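Structure at a glance
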Amino acid sequence: VASPIFFIAIRMILAAALLFLSEYIQTKKITLPKKVDMPLFFAISLLHIYIPFVGEFWSLQYLDALKVNFLFALTPFFATTIEVLHNKKLPSLQTVSGIIIGFCALLFLLIIKDQWSLFTSVEYLSTLSLPEGVLLCSVISGTIAWFFIKQLSKDRYTITSINAWCMLCGGL
């Protein structure tokens, strides 16, 4: 039986091939990354493909659905925090409202889960095991990668091209 990492690699390589085909059909060319952009492409491959997928598949062997969903649901909170730290500007009222609504929804789900009390739910989620830490790092890593993707996609590359090259690199 092949390891999950092997299947991730095959999946990424096949997805890259399909994305390259899609780009070629749409634009009649395949955009090659410029040498100056190679560090960003490598960083995206590592942060958006390798770390999240390998970490996720490894940690899913040991975690229940509630913790997995809860950790993935933290993505908007991480993205907002990273954006505030990176751009050094406060989020808009609309963003803050969305974060508050999302946080309240998460709390509501924790309260009603199997008739648990809020205290038990918070205690349950506050203990962090190695698989949970790995999954949390995977979620944060994928979130950080989107900032690099945004930087590359501003005027130089399409999202299809960025994903194709990064999936190829991450798969290899």
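One can find the structure itself at the top, above this paragraph.
None of these values were measured; they are calculated from a predicted model.

It is worth spelling out the packing of aromatic side chains at this point. Aromatic ring pairs: the centre-centre distance and the angle between the two ring planes describe each pair. In this structure the tally under the stated criterion is four aromatic pairs. With a centroid separation of 5.8 Å and an interplanar angle of 65 degrees, the aromatic rings of F6 and F7 are classed as edge-to-face. Residue classification places F6 among the partly exposed residues on the basis of a relative accessible area of 45%. Given a relative accessible area of 48%, F7 falls into the partly exposed group.

Remark: helix α2 (residues 38-59) packs on helix α7 (residues 130-153), axes separated minimally by 8 Å, with the N-to-C direction vectors making an angle of 155 degrees. The pairing of α2 with α7 is recorded here as roughly antiparallel in orientation. Seen along the crossing, α2 lies across α7 with a hand that is left-handed. Class assignment for the residues of the contact of α2 with α7 results in 20 nonpolar, seven polar and one charged.

How each quantity is defined
- Residues numbered from 1 in each chain as written.
- Predicted model: local features only at pLDDT ≥ 70, side-chain atom pairs only at ≥ 80, totals over all residues.
- Heavy atoms only, no water.
- Phe/Tyr/Trp six-rings, centres within 6.5 Å; stacked < 30°, edge-to-face > 60°.
- Buried < 20%, exposed > 50% of the residue type's maximum accessible area, 1.4 Å probe, protein only.
- Axes fitted to C-alpha atoms, helices over the stretch in contact; angles between N-to-C directions.
- Helix = DSSP H or I, 4+ residues; strand = E, 2+ residues; numbered from the N terminus.
- Parallel < 35°, antiparallel > 145°, perpendicular 65-115°, else oblique.
- Left-handed = near helix turned anticlockwise from the far one by under 90°.
- Nonpolar A, V, L, I, M, F, W, Y, C, P; charged D, E, K, R; others polar.

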